[in-house]
Amino acid sequence: MSKTNRNSVTVRVPAKVNLQLAVGPREADGFHNLVTVFQAISIYDDVTITKSAPGNGITISIIGDHTHGVPADATNLAVKAAQLIADDYDFVIDAHIEVNKSIPVAGGMAGGSADAAAVIVGVNELYELEMSREEMHEFGSQLGSDVPFMISGGTAIGQGRGDQLTAALSRGTYHWVLALSTVGLSTPAVYQECDRLRAGLDIAAPQTSDALMQSLLAADSKAVGQALHNDLQSAACSLRPALTLVLDVGEEYGALGSIVSGSGPTVAFLVADEDQGLDLAVALTSSGVVGSVARAYGPVHGAKVI
Ligand code: C5P
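- As annotated in an unreviewed UniProt entry, the protein carries the name 4-diphosphocytidyl-2-C-methyl-D-erythritol kinase and is attributed to Candidatus Planktophila lacus.
- Within the UniProt record for the protein, the comment given under Pathway (unreviewed entry) is "Isoprenoid biosynthesis; isopentenyl diphosphate biosynthesis via DXP pathway; isopentenyl diphosphate from 1-deoxy-D-xylulose 5-phosphate: step 3/6."
- Its UniProt record gives the protein a comment under Catalytic activity (unreviewed entry), which states: "4-CDP-2-C-methyl-D-erythritol + ATP = 4-CDP-2-C-methyl-D-erythritol 2-phosphate + ADP + H(+)".

And the structure:
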């Protein structure tokens, strides 16, 4: 496809789950040092950027399954991403961003970060900026801790705020069942609750889980299931006690492991295969304790022009 005089580009970007999220103490800047293992999974937003008439500025519209609560204005991280690049490269972007959302909103699956990642990749393509991967990551980390990972995808270890990435050696495909809530959780509120629950405790610097890394390398999904761990899980459950019931249903139906994804409230269940995934999805739906259920597999690619 010729890139010259291109008027529009569509980028497909995945959601993520955290296989491990180890949270250090709160730092002076309000953030927490993390060690996290991300996996990109097969639930996608499609972000289309179309050039518009000079003077129109950057506009946005949201369509699809999950539009409720997504701002359709300049406060959307996707618009901020385009503006950040325009300011840095010193040119004017007049374009419309259409986000076709399938990634749950405020669910701990990096939906907002994914759209920002898609815009970085899309603007780079549409305006032929020829950015390096590092430069795209640099823009990404200015926008949010998860944005660089949503550009790379696959499986990766995130350090610092979660934005300093190294690729993780992972084999095999993992099948997930996701229990979604109808109401999201605020990430800052969950970190705050985590600090409150740990007040007075001596919190060690976060470390990568050797057990998890070895299980990923061996494609041992049972061992991966046992190694899933999120330090924000008790905070998410404290703010949303019903999550404990959701976790119980998964355990009862023999999931290999379960974890609240990121700051929640999405609960991710690792299952052995698609059949077990279907059984668990039915059980969760009929349990009445979840808003809705989705199935996905990972790892998948990061933000990519389609
Ligand atoms: O970077 P991002 O915008 O995703 O972070 C949202 C909020 O989550 C931050 O404002 C902060 O309160 C909290 N956070 C944190 N430590 C991190 C990442 C996020 O405390 N490493």
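### Here we look at the sheet that holds strand E11 (residues 292-298)
Moving on, step 1. Across the sheet, which stays open at both edges, the four strands sit in the order E9-E10-E7-E11 with antiparallel pairing between neighbours. Whereas interior strands pair on both sides, the edge strands pair on one side only; in this sheet they are strand E9 (257-260) and E11. In this sheet, adjacent strand axes meet at a mean angle of 25 degrees when their direction is disregarded.
Moving on, step 2. Note that E9 and strand E10 (residues 267-271) share four bridges and pair antiparallel. Paired with Val-260 across the bridge in E10 is Val-267.
Moving on, step 3. Against the sheet, helix H10 (residues 274-287) contacts strand E7 (174-180), E10 and E11, and its axis sits at roughly 160 degrees relative to E11.

### A short note on the UniProt feature "binding site: ATP" (unreviewed entry) in the protein
Moving on, step 1. Residues given the UniProt feature "binding site: ATP" (unreviewed entry) here are Pro-104, Val-105, Ala-106, Gly-107, Gly-108, Met-109, Ala-110, Gly-111, Gly-112, Ser-113 and Ala-114.
Moving on, step 2. With respect to the helices and strands, Ala-106 occurs in the loop between strand E4 (95-101) and helix H2 (111-126).
Moving on, step 3. Non-local contacts of Ala-106, meaning those with residues more than four positions away in its chain, are made with Gly-184, Leu-185, Gly-264 and Pro-265.
Moving on, step 4. Within the secondary structure layout, Gly-107 lies in the loop between E4 and H2.
Moving on, step 5. With residues up to four places along the chain from it excluded, the contact list for Gly-107 reads Ser-261, Gly-264, Pro-265 and Thr-266.

### Here we look at the domain arrangement of the protein
Moving on, step 1. In terms of domains, the protein is made up of domain 1 (3-168) and domain 2 (174-298).
Moving on, step 2. The straight-line distance from the C-alpha centre of domain 1 to that of domain 2 is 23 Å.
Moving on, step 3. Taken residue by residue, the interface counts 31 residues in domain 1 and 36 residues in domain 2.
Moving on, step 4. Across the domain 1/domain 2 interface, buried area totals approximately 2500 Å², and carbon plus sulfur atoms make up 63% of it.
Moving on, step 5. The largest contributions to the domain 1 side of the interface with domain 2 come from Leu-19, Leu-21 and Val-23, which together make up 22% of the buried area.
Moving on, step 6. In this assembly, domain 1 and domain 2 are joined by one salt bridge.
Moving on, step 7. Of the charged contacts, one joins Asp-195 and Arg-26 as a salt bridge, the two residues approaching to 3.8 Å between their closest N and O atoms.
Moving on, step 8. Taken together, domain 1 and domain 2 are joined by 15 residue pairs in polar contact (both at pLDDT 80 or more).
Moving on, step 9. Of all the secondary structure elements, the ones that give two or more residues to the side of domain 1 that touches domain 2 are strand E1 (8-26), strand E2 (32-51) and strand E5 (155-160).
Moving on, step 10. The element best represented in the side of domain 1 that touches domain 2 is E1, accounting for eleven residues.
Moving on, step 11. For the side of domain 1 that touches domain 2, the class distribution of residues is 18 nonpolar, eleven polar and two charged.

Scoring rules and cut-offs
- Residues numbered from 1 in each chain as written.
- Predicted model: local features only at pLDDT ≥ 70, side-chain atom pairs only at ≥ 80, totals over all residues.
- Heavy atoms only, no water.
- UniProt positions renumbered as here; feature names shortened; annotations may be inferred.
- Pairing = 2+ DSSP bridges.
- Helix = DSSP H or I, 4+ residues; strand = E, 2+ residues; numbered from the N terminus.
- Axes fitted to C-alpha atoms, helices over the stretch in contact; angles between N-to-C directions.
- Contact = heavy atoms within 4.5 Å.
- Domains from an automatic or database assignment.
- Buried area = accessible area lost by both parts, 1.4 Å probe.
- Salt bridge = Lys/Arg side-chain N within 4 Å of Asp/Glu carboxyl O.
- Polar contact = N/O pair within 3.5 Å; in protein donor to acceptor, adjacent residues only side chain to side chain.
- Nonpolar A, V, L, I, M, F, W, Y, C, P; charged D, E, K, R; others polar.

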